[in-house]
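A look at the structure
Here are the chains, one letter per residue:
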Amino acid sequence: MFKKLGLLAVCAVSAFAMHNVELNINDKDLEFGAKIDMGQFNDTVEPDSVFVGAKLLHGSVDNSEFSSSSDMQDYFEVSFLMQRKVEATDLVIGLGVKLNGAKNFSSVPLGAEASYKLAFSDKMPLYVRGAIYYAPEVLSMQDAKNFLEYRAALDLEVIKNGSVTVGYRSLDTNYTASSGGDKNYNKSVYIGFKFGF
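Here is what the cut-offs are and how they apply
- Residues numbered from 1 in each chain as written.
- Predicted model: local features only at pLDDT ≥ 70, side-chain atom pairs only at ≥ 80, totals over all residues.
- Heavy atoms only, no water.
- Helix = DSSP H or I, 4+ residues; strand = E, 2+ residues; numbered from the N terminus.
- Polar contact = N/O pair within 3.5 Å; in protein donor to acceptor, adjacent residues only side chain to side chain.
- Contact = heavy atoms within 4.5 Å.
- Salt bridge = Lys/Arg side-chain N within 4 Å of Asp/Glu carboxyl O.
- Buried < 20%, exposed > 50% of the residue type's maximum accessible area, 1.4 Å probe, protein only.
- Core = buried A, V, L, I, M, F, W, Y, C linked by side-chain atoms within 4.5 Å.

Some remarks on the side chain of Ser-64
Its location among the elements puts Ser-64 in the loop between strand 3 (50-58) and strand 4 (75-85). A distance of 3.2 Å separates a polar atom in the side chain of Ser-64 from the backbone nitrogen of Phe-66. Residue contacts for Ser-64: discarding those within four places in its chain leaves Met-72, Asn-184 and Tyr-185.

In structure tokens form, the structure reads like this:
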């Protein structure tokens, strides 16, 4: 009986095992994200190829185009990403879709992500990462007219599965003209940590 309960517990934990978690900060903004590697608990999915994730950004008026904090609300997103490594290279490319939102704003942006391992050192690998997501008017809801996000980051893996990251993000929430027009939700540099499991 206890063996069966133990096996069920192990299966339940692996079903909710996160591939990675990240925490990004600057002196005004706080961002937390998590991605689950579907291949870790599904034998039909190749590991490190399909991810389901979520992210929350508590942004500041200082790094946005909003006039007051009452006009802002925390930014959230849920995401789905499929990626693969390009053969005989250290380049990983992926295609993804998100559902995101903020105050009176929601959209379904489509995008691409890429990661490249620089060959400086195998002991402390350095990765260059980038992502761009866009939602035209047809994929924008509530008061949204369109959405554009782009990110660039450098990750230094200081310990196995533990990285320090320095990056830049821009989340452009373009509202309809009657709701205030183009207002960049967040445009800032950040530092953070990323842990893989």
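We are not done yet, so read on.
Concerning the pattern of salt bridges
When the charged atoms of two side chains lie near each other, side chains of opposite charge can form a pair. The tally for this structure, following the rule as stated, stands at twelve salt bridges. The salt bridge partner of Glu-22 is Lys-55, with a shortest N-O separation of 3.8 Å. Of the two residues, Glu-22 sits in strand 1 (residues 20-25) while Lys-55 sits in strand 3, which places them 33 residues apart along the sequence. Lys-55 shares its class with Glu-22; the two are buried. Note that Glu-149 and Lys-98 form a salt bridge whose closest N and O atoms lie 2.9 Å from each other.

Some details on unusual backbone geometry
At Asn-104, a position not held by glycine, the phi torsion is positive, near 55 degrees. With respect to the helices and strands, Asn-104 occurs in the loop between strand 5 (91-102) and strand 6 (105-107). Overall, Asn-104 belongs to the partly exposed group, its relative accessible area being 39%. For Gln-142, which is not a glycine, the phi torsion comes out positive at approximately 55 degrees. Position of Gln-142 among the secondary structure elements: in strand 9 (residues 140-142). Using a relative accessible area of 54% as the deciding quantity, one classes Gln-142 as exposed.

Focus: the side chain of Asn-100
The topology assignment puts Asn-100 in strand 5. A residue is classified by how much of its surface remains accessible, and Asn-100, at 0% relative accessible area, is buried. A polar side-chain atom of Asn-100 sits 3.3 Å from a polar atom in the side chain of Tyr-75. Reaching out from Asn-100, the side chain makes a polar contact with the side chain of Ser-107 at a distance of 2.6 Å. Those residues in contact with Asn-100 that lie beyond four places of it in its chain are Tyr-75, Phe-76, Glu-77, Phe-105, Ser-106, Ser-107, Pro-109 and Phe-147.

Digging into the nonpolar core
Most often, soluble globular proteins keep nonpolar side chains buried together rather than apart. Leu-57, Phe-66, Met-72, Tyr-75, Ala-102, Phe-105, Ala-135, Ala-144, Phe-147, Leu-171, Tyr-175 and Tyr-185 together form the largest nonpolar core, which totals twelve residues. When residues of this core are traced back to their parent elements, those giving at least two are strand 10 (144-159) and strand 11 (162-175). What Phe-147 contacts, discounting residues up to four positions off in sequence, is Tyr-75, Asn-100, Phe-105, Ser-107, Pro-109, Tyr-133, Tyr-134, Ala-135, Ser-140, Leu-171, Asp-172 and Thr-173.

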